[in-house]
Amino acid sequence: NNQGELSPTLKQCYKYLKLTSRSFAAVIQALDGELRNAICIFYLVLRALDTVEDDMTIPNDVKIPMLRHFHLNLQDTHWSFHDSKEKDKIVLEDFPTITAEFQALAPVYQEVISDICCKMGNGMTVFLDRGVGSLHEWNEYCHYVAGLVGIGLSRLFSASKLESPEVGRDERLANNMGLFLQKTNIIRDYLEDVLQGREFWPKEVWGKYGRKLGDLAEPDNRQQALHCLNELITNALELVPDCIAYMTRLHNQSVFNFCAIPQVMAIATLERCYNNPAVLTGVVKIRKGEAVKMMMGVSNVEKVKAIMHYFTSQIESRIPKDDPNAERTREVCSKALACT
Ligand SMILES: O=C(O)CO[C@@H](C(=O)O)[C@@H](OCCCCCc1ccc2ccccc2c1)C(=O)NCCCCCc1ccc2ccccc2c1
Ligand SMILES: [Mg+2]
Ligand SMILES: [Mg+2]
């Protein structure tokens, strides 16, 4: 598509997309037909909502109503917010540009985006001032911030007719596509989040390895911290069969690439993080060159299975003998390998 045909506001939206997302901008811009603009706007609306959630300088008495009513801003072409300190604050300051293009979408796409925005905003308020407790709560939080994205995306795919109605109906698989990505992000971002006073690692797990989540960053607790990290990675790997089942149903090449590339980046990230002390002391990112090589090789589900197989067996091959979850991790790896 040449940018020449786009309206000034739509052009501006793609600028914001590229500005606020390294990992999704390219795969969204490559989407076919009506999905490209619909998913670009879907991304920007939810990134604006997430920017409110992430901004710890907004007091809760302001933040809670803002999150709960955020979806109503889509009906108000003048609403904007100028008091954010976050890196992506531009999408809040120029929200009218996003709203203008939201209202230009076909009604069926507007309904999906507005519904998911409402549910995500309300869900975010549940966890605002407390860390994540049980594994059930970990799944609940990730459902609100990422599972709902997968559910909304699947409805958009089916509504565009580029994918079957089944894709939009099966909420469990769509939800787990999002959980796999969000759990990987939470596992990887341990130190960054802990330094900002945000606790996304579930206490039901880390509570077995330390008194406080921040204790796991201490060199003395290194062994315990690695066992905790490995247990969370094992929990995320349980989602691999559902993610493969979801991608097996896709028929449109641009939709497949859009779904497959974040998934292979996530499994590669989990493998880099497994039993890796760097997660507790810094940030573990996969090198750009590695990422590009992987992106080139995910044109069909057999190639995605091969990449999932490779990284899962890499993890299985280095499960520490003394890891308390060694047996469980071996089970989860072989279940994932059976689907790849
Ligand atoms: O602030 C940051 O930079 C990171 O924020 C994280 C956080 O605050 O936890 C966190 O914010 C979550 C709340 C806002 C969700 C924003 C989003 C992300 C990707 C999209 C892709 C397409 C369309 C809409 C999308 C919306 C975040 O960005 N996590 C990245 C993982 C979330 C992935 C969402 C997702 C779910 C299912 C998918 C299925 C297929 C393809 C892409 C998918 C993408
Ligand atoms: Mg965020
Ligand atoms: Mg957030």
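Our subject is the structure that appears above.
Residues numbered from 1 in each chain as written. Chains lettered and ligands numbered in written order. Predicted model: local features only at pLDDT ≥ 70, side-chain atom pairs only at ≥ 80, totals over all residues. Heavy atoms only, no water.

So, about the environment of Lys 335. Mapping Lys 335 onto the fold places it in helix 19 (residues 326–338). On the basis of relative accessibility, which here comes to 53%, the residue Lys 335 falls in the exposed class. On a C-alpha basis, the gap between Lys 335 and Arg 272 in space is 20 Å, while along the polypeptide they are 63 residues apart. (Helix = DSSP H or I, 4+ residues; strand = E, 2+ residues; numbered from the N terminus. Buried < 20%, exposed > 50% of the residue type's maximum accessible area, 1.4 Å probe, protein only.)

With that settled, the discussion passes to the pattern of salt bridges. The full count for this structure, using the stated rule, is 19 salt bridges. Asp 54 serves as the salt-bridge partner of Arg 198, at 3.2 Å between the closest nitrogen and oxygen. Of the two residues, Arg 198 sits in the loop between helix 11 (190–195) and helix 12 (203–206) while Asp 54 sits in helix 3 (residues 33–54), which places them 144 residues apart along the sequence. By relative accessible area, Arg 198 is classed as buried at 12%. Of the residues examined, Asp 54 reaches a relative accessible area of 18% and is grouped as buried. A salt bridge links Arg 318 to Glu 271; the shortest N-O distance between them is 2.6 Å. Of this pair, Arg 318 sits in the loop between helix 18 (301–316) and helix 19 while Glu 271 sits in helix 15 (residues 253–273); the two residues are 47 residues apart in sequence, bridging distant segments of the chain. Judged by its relative accessible area of 10%, Glu 271 is buried. Through salt bridges that share partners, Asp 115, Lys 119, Arg 155 and Glu 171 make up one connected network. (Salt bridge = Lys/Arg side-chain N within 4 Å of Asp/Glu carboxyl O.)

Time to look at the coordination of the magnesium ion (ligand 3). Around the magnesium ion (ligand 3), the donor atoms from the protein are Asp 50 (OD), Glu 53 (OE) and Asp 54 (OD), and they sit 2.0 to 2.2 Å away. The sequence pattern formed by the donor residues of the magnesium ion (ligand 3) is D-x2-E-D. A separation of 3.3 Å is found between the magnesium ion (ligand 3) and the magnesium ion (ligand 2), which are bridged by Asp 50. Of this pair, Asp 50 and Glu 53 are both found in helix 3, 3 residues apart, which corresponds to roughly one turn of the helix. Taking relative accessible area as the criterion, Glu 53 reaches 3% and is therefore assigned buried. (Donors = N, O, S within 2.8 Å, 3.2 Å for Na, K, Ca; no water.)

Taking 1.5 Å of rise per residue, 13 residues should cover 18 Å, and helix 19 covers 18 Å from first to last C-alpha, within 8% of that figure. Burial in helix 19 covers these residues: Ala 326, Thr 329, Val 332, Cys 333, Ala 336 and Leu 337. Looking straight down helix 19, one finds that the buried residues subtend no more than 135° of arc, so they occupy a single side. Exposed side chains of helix 19 directed beyond 90 degrees from the buried face belong to Lys 335 and Ala 338. Here the buried face of helix 19 lies against helix 13 (222–237), helix 14 (240–248) and helix 18. (Expected span 1.5 Å × (residues − 1). Arc of directions from axis to C-beta. Contact = heavy atoms within 4.5 Å.)

What is expected of a backbone is that most residues other than glycine have negative phi and most peptide bonds are trans. The phi dihedral of Lys 161 falls on the positive side, at around 70°, and the residue is not glycine. Counting through the fold element by element, Lys 161 comes out in the loop between helix 8 (135–159) and helix 9 (165–169). One non-glycine residue, Asn 275, lies in the positive phi region at around 55°. Tracing the sequence through the fold places Asn 275 in the loop between helix 15 and helix 16 (278–281).

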